[in-house]
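Geometric and topological summary
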Protein chains: 4
Amino acid sequence: VALSAVLYGAKDLRIENRPVPEPAAGEVEVRIGAGGICGTDLHYFNHGGFGVVRLREPLVLGHEIAGTITKVGDGVADVALGQRVAVNPSHPCNACKYCLKGLQNHCLDMRFYGSAMRFPHVQGAFQQKLVCHASQAIPIPDTLSLNEAACAEPLAVGLHGVRRAGDLVGKRVLITGAGPIGVLTAMAARRAGASEIIVTDIVDHPLSIARECGADQTINTAASPELLAPLVAGKDGVDVLFECSGSNRALVSALAVVRPHGIIVQIGLGGDFTFLMNLVVAKEIDLRGSFRFHEEFHAAVQFLATQRIVVQSLLTQTVPLSDAVRGFALANDRQRAIKVQIAFD
Amino acid sequence: VALSAVLYGAKDLRIENRPVPEPAAGEVEVRIGAGGICGTDLHYFNHGGFGVVRLREPLVLGHEIAGTITKVGDGVADVALGQRVAVNPSHPCNACKYCLKGLQNHCLDMRFYGSAMRFPHVQGAFQQKLVCHASQAIPIPDTLSLNEAACAEPLAVGLHGVRRAGDLVGKRVLITGAGPIGVLTAMAARRAGASEIIVTDIVDHPLSIARECGADQTINTAASPELLAPLVAGKDGVDVLFECSGSNRALVSALAVVRPHGIIVQIGLGGDFTFLMNLVVAKEIDLRGSFRFHEEFHAAVQFLATQRIVVQSLLTQTVPLSDAVRGFALANDRQRAIKVQIAFD
Amino acid sequence: VALSAVLYGAKDLRIENRPVPEPAAGEVEVRIGAGGICGTDLHYFNHGGFGVVRLREPLVLGHEIAGTITKVGDGVADVALGQRVAVNPSHPCNACKYCLKGLQNHCLDMRFYGSAMRFPHVQGAFQQKLVCHASQAIPIPDTLSLNEAACAEPLAVGLHGVRRAGDLVGKRVLITGAGPIGVLTAMAARRAGASEIIVTDIVDHPLSIARECGADQTINTAASPELLAPLVAGKDGVDVLFECSGSNRALVSALAVVRPHGIIVQIGLGGDFTFLMNLVVAKEIDLRGSFRFHEEFHAAVQFLATQRIVVQSLLTQTVPLSDAVRGFALANDRQRAIKVQIAFD
Amino acid sequence: VALSAVLYGAKDLRIENRPVPEPAAGEVEVRIGAGGICGTDLHYFNHGGFGVVRLREPLVLGHEIAGTITKVGDGVADVALGQRVAVNPSHPCNACKYCLKGLQNHCLDMRFYGSAMRFPHVQGAFQQKLVCHASQAIPIPDTLSLNEAACAEPLAVGLHGVRRAGDLVGKRVLITGAGPIGVLTAMAARRAGASEIIVTDIVDHPLSIARECGADQTINTAASPELLAPLVAGKDGVDVLFECSGSNRALVSALAVVRPHGIIVQIGLGGDFTFLMNLVVAKEIDLRGSFRFHEEFHAAVQFLATQRIVVQSLLTQTVPLSDAVRGFALANDRQRAIKVQIAFD
């Protein structure tokens, strides 16, 4: 058995022992060291689901994790006990028509940790011990902390968004929303060659983190909405917008500053959005949804391992597993927290 | 002087003589034979403008025209008097930063016939005699009627939309809106290799024209909305949606049947659109605006000239210039008309 | 047992009985009606292999086939006895890293009918009865002859080449080599929207077929090499070249008429090619290899079934199975034959 | 008058005074501070031309330059005397059909400094004072030396190559040729997100510079050709090859290690290349020429200005203008020099 963070309903998160199976052939057991609280985890915690997806049985949360290999199943070659790894929470079937098109993030039989989208739910990874397929455990070097390695997952989301945008070399980029995904997308965009990066939010604290992480300019659009307009004046607007807030208002105000033939990558999840479609038509904007990631997980680990992307400034708080509830409360407070992680040992 | 169709305000269209200049160097005079009434013309006629664009001075309408060259200015080589031509109503500056990127349809100094977007307005082409730049007059063969040739402009809009969609070879295509643009886009999509084409509308008559023009299936979504669902069941949804209606409702119902990683090309102009953005994100849809055309005008003429695209079924009525007001009334009646044209001689 | 065309060595083709297994679960038995002789078959027949690929055991030739379903294995739904089908000779593993990227034509464990690339060889389909996986048997309508249906495979090769070229709408296309692949690529390019298609060869007879099949212009570059130059003069060269001859000389002469930023799709297989690389650099040409096909097989069947591509002009001769050796001799004679097929019943 | 480096024939470079015109409207005068010797300059110096392009009149060499604005013509706004600038040697007509497609590097009336391709030749920029169009002079910050700024031009070549390659995020890149273009392309590829970069050459010294500039691995393929093979074994080959040597042998050996569906960007100029075309076909490789640059010049200046690309390690020697001949001799010596620059003051 191992202690896990199990959600029984909105605000009802319990730390309890759950059985841990032996790793089957092709699997490994990982002693989890660090786990980041994602916006989705938070949504489950606050509301017991989102949209039509509702908790129908207790659900272990968590899918941003890293740890150390403690057991190795049959047939797993080249994996040493004690190897430190980032764990990829995505487990596509590799047999459906989307997997066979290379679109594994649209797998018709996807198992993604900590999700209530299917029933029985796919249990998450906020566990002291996790058994996963060996291919999900990506080795990291000693120079990388488990806390940083646990950022591989949200960084992969940012990298996937960046690849959805196409060529960023020398481009001017706007990012709406300075949460973890927004800031990691900014770092991914820089890594992909963006020349100028502007980040907006309606809260100051995350914007200060965005600046620390390399944003050239930040704008608090609640306090100073008028600072957006100069992005168009005299210049050309922005080439690419990454909408990471899930806020309709953010999209609407950003639409005005995207240049003709510009690109919008919508990463943030929200509900109904309303905007003037004529702007999309007349400017021939490309609005592209971006959902999770696939091969970008490996690239994320590699960028972290080589320190070509450095995420320490994002890691604002770590709480012990016994204090997980307090961790979720912290994660709700954008004035103080960007990324809250749980320590499992 | 020559008779022109001049709009003085909503429903106030007058046929009156206006002066015709001599063709300057590089220009030609065209005796217009046929002119199609476009949705934009109709909007000006019905409402005296659209959105924030309002009539501020009398405006000659019209930009879908074909005719015969009657005079040739200095320095125009290789153009014979009597040559029949389709006239391209688009006249970009070829000097601004968008023209120098090959995005002439986003020209910052565009002159497009019959538009009140700038002041003084750019006068239109519903004139018995039109003086234009020689490069705007594209020769057509004797086998092509002027009425068909006057369809080059809306066909170019469809071809541009098709090119915005990317590869259509073997693809399954849905088109919402069976107006002239919808039907011409269907023909353009077929020409570009689409395997299966479904067209929807809320009126039966244009759907019957769409079938005549090669649609594999048509659905009246007002009468039988349930016929959309089977497009997904057991199959994969549609690969590409061309939204040609400008109707929010059409987009919303079509969003449900676009497959993951599918493409939506928004051609229809409308106002505020509301839809569930999560669908765009989770399915990673590309929603691409498509606006007018540029080099596609030449391709449109070529497809018409070689009869690789045949538009006769669309040409539902022709009225003499003196009856233009009746023509506009007819064009408002989707139960009877698809494309109403004006005869100028 | 069923009669098959088995190659024992160069020029040693024998018609002999071979055992036919019962269809296993998921498989069907097809009574082959028509089989086309491909350039690869011919190469095996003439030389006992090509390049380093040599015959190491007797090999049933053939991979362009169509027939009628005569037995159905367990678990095969929706397939009726008597259903006429085109058979896809490509059988990727759908499990290797290339299959999982949607690049099945680069499958690391590909089984493609009639190939000596692996050992034991993958036996071909020139058999009176063939057992294959049900998913390889694509239904065709009664209106399509088995002879036409057997062209789905080489048409798929052409369609794949066309998709490698990207957007062809309104484009000017040059095709070097008027063999079956060249002519089918011409038809595929037309279907994908090409405006102007020029085909070259060094023999007149296939060029006359190319014209019948819709080429706008044909050039015998052996007799009239000077006819290539005007493609550049005053115009712009060609947008896209499909090199279907596998001839170095053809590529070299065509390179001169491809416009800056033009595209070359190399479909023809040849040996060492020599050309002035500076032309590729200074004109920024894209030279793209095109190999076999994957999903295009379905599109090919659909285009044939709907008569949007009509291949009858290509089918120059059919010989009975007992006369297969004569068929191969005929297929060697470009003055008379384009596509020679074998009748199996 | 100002001193210039004028080539009269192979090995006949003279430093002599030439008249300097007053800047016309829209022009500026720049006092050149630093000028890099490019491979093209060297080719003119060594051979008096290349291929069919021959010196037909004395030619001022040079097109990699930076300096300080000393005079401003009429109608030039926002430019201060004393402003330090990188000078873009590319001056397209912005009116021909390629410019109007956004392909200015294929301008039909291009004026590119120091080129004998047209007659009269376009004189180069190795002059103490240069008059150019104001739009060619791009401001640089005080923190950037003129020597570094003079690398904007070859860096732009690398950035253009990188953009020709498409998405590099997380990709494995091979670069053949560790000359200035090879090393700058390596840095550009890193900036664009490449995860792993391997550089090959046949001389050790430039490879050591490549390592200093961030290459993950370097291979001397003359000394250790066997080190290329492991790039394929067990792995997947390389995703993208930038061929920067212009050597046929380099391309041939690299072809073997490019993965299926991989991309080759050919930047290096050479003569006739011979290779096995079947490899390009069977692996469906994209071989793309890359020629000069256009908008990448601005991006290059920006990357240098923000120190996101740092080129100091490349700048191996600087000689005074009076010693230019010695500078050219040095530039010929790959054991000692990567980029030799001339100081003009």
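For the structure itself, consult the block above.
Okay, so let's go over this structure. (Residues numbered from 1 in each chain as written. Chains lettered and ligands numbered in written order. Predicted model: local features only at pLDDT ≥ 70, side-chain atom pairs only at ≥ 80, totals over all residues. Heavy atoms only, no water.)

Observations concerning the pairing of strand β21 (residues 339-343) of chain A
Taken residue by residue, a regular strand's side chains alternate between the two faces of the sheet. Residue and element names in this part refer to chain A. Here is the rule we go by: Only protein chains enter the accessibility calculation, which uses a 1.4 Å probe; a residue whose area is less than 20% of its type maximum is buried, one above 50% is exposed, and one in between is partly exposed. Where helices and strands are cited, they refer to DSSP runs of H or I of at least four residues and of E of at least two residues respectively, numbered from the N terminus. Two strands pair if DSSP finds at least two bridges between them. Seen with the strands pointing away from the viewer, any crossover whose path from the first strand over the helix to the second strand runs clockwise is right-handed.
Most of β21 is tucked away: four of the five residues are buried. One ladder, built from three bridges, connects strand β3 (residues 27-36) with β21; its direction is antiparallel. Each residue of the ladder has a partner; that of glycine 36, found in β21, is glutamine 341. Taken together, the five bridges between strand β20 (residues 315-320) and β21 define a ladder with parallel strand orientation. Across the sheet, valine 319 pairs through a bridge with isoleucine 342, a residue of β21. Regarding the hand of the β-α-β motif, the stretch spanning β20, helix α9 (residues 324-331) and β21 is right-handed.

Looking at the interface of chain B and chain C
Formally: Contacts are assigned to residue pairs that have any heavy atoms within 4.5 Å of one another. Here the buried area means the combined drop in accessible surface, using a 1.4 Å probe, for two parts upon being joined, counting both sides. Any Lys or Arg side-chain nitrogen located within 4 Å of an Asp or Glu carboxyl oxygen qualifies as a salt bridge. Here a polar contact is taken to be a pair of N or O atoms separated by no more than 3.5 Å, where protein atoms must pair a possible hydrogen donor with a possible acceptor and residues adjacent in sequence count only if both atoms sit in side chains. Classification convention: Asp, Glu, Lys, Arg as charged; Ala, Val, Leu, Ile, Met, Phe, Trp, Tyr, Cys, Pro as nonpolar; all other residues, Gly among them, as polar.
If you look at the interface, chain B gives 19 residues, while chain C gives 19 residues. Contact between chain B and chain C buries roughly 1500 Å² in total, counting both sides, with carbon and sulfur atoms accounting for 49%. When the buried surface of chain B facing chain C is broken down by residue, B:Val169, B:Arg191 and B:Arg308 rank first, second and third, together holding 33% of it. At the junction of chain B with chain C, the criterion picks out four salt bridges. For the salt bridge of B:Asp216 with C:Arg308, the shortest nitrogen-to-oxygen distance reads 3.7 Å. Across the contact surface, chain B and chain C share six residue pairs in polar contact (both at pLDDT 80 or more). When residues of the side of chain B that touches chain C are traced back to their parent elements, those giving at least two are α3 (152-165), α4 (180-191) and α8 (296-305) of chain B. For the side of chain B that touches chain C, the per-class residue count stands at seven nonpolar, five polar and seven charged.

Describing the pattern of salt bridges
Overall, the coordinates contain 76 salt bridges over all chains when judged by the stated rule. Here A:Lys71 and A:Glu29 are joined by a salt bridge, their closest N and O atoms 3.9 Å apart. One end of the pair, A:Lys71, is in strand β7 (residues 64-72); the other, A:Glu29, is in strand β3, with 42 residues separating them in the sequence. A salt bridge links C:Arg14 to C:Asp12, with the shortest nitrogen-to-oxygen separation between them at 2.9 Å. A relative accessible area of 36% means that C:Arg14 is categorised as partly exposed. Each of A:Arg164, A:Asp286, A:Arg288, B:Arg164, B:Asp286 and B:Arg288 takes part in one network of salt bridges that share partners.

Overview of the side chain of B:His63
Tracing the backbone shows B:His63 in the loop between β6 (59-60) and β7 (64-72). Apart from residues lying up to four places away in sequence, B:His63 is in contact with B:Cys38, B:Thr40, B:Asp41, B:Pro89, B:Phe112, B:Tyr113, B:Phe126 and B:Glu153.

Focus: the relation of the copies chain D and chain C
Where we set the bar: Alignment of the copies relies on least squares applied to C-alpha atoms, considering only residues that score at least 70 for pLDDT in both.
Relative to chain C, chain D is turned by 180° and slid 0.0 Å along the rotation axis, the superposed coordinates differing by an RMSD of 0.0 Å. The relationship between the two copies is best expressed as a two-fold rotation axis. Nearest to the rotation axis, the C-alpha of D:Thr274 is located 2.1 Å from it, this being the minimum over chain D. Looking at chain D, 100% of its interface residues are interface residues in chain C too, so the copies touch through the same face.

Observations concerning the side chain of D:Asp286
The topology assignment puts D:Asp286 in strand β19 (residues 286-289). With relative accessibility at 7%, the residue D:Asp286 sits in the buried group. Here D:Arg288 takes part through its side chain, which lies 2.9 Å from a polar atom of the side chain of D:Asp286. Apart from the residues lying within four places of it in its own chain, the contact partners of D:Asp286 are C:Arg164, C:Leu287, C:Arg288, D:Gly262, D:Ile263 and D:Ile264.

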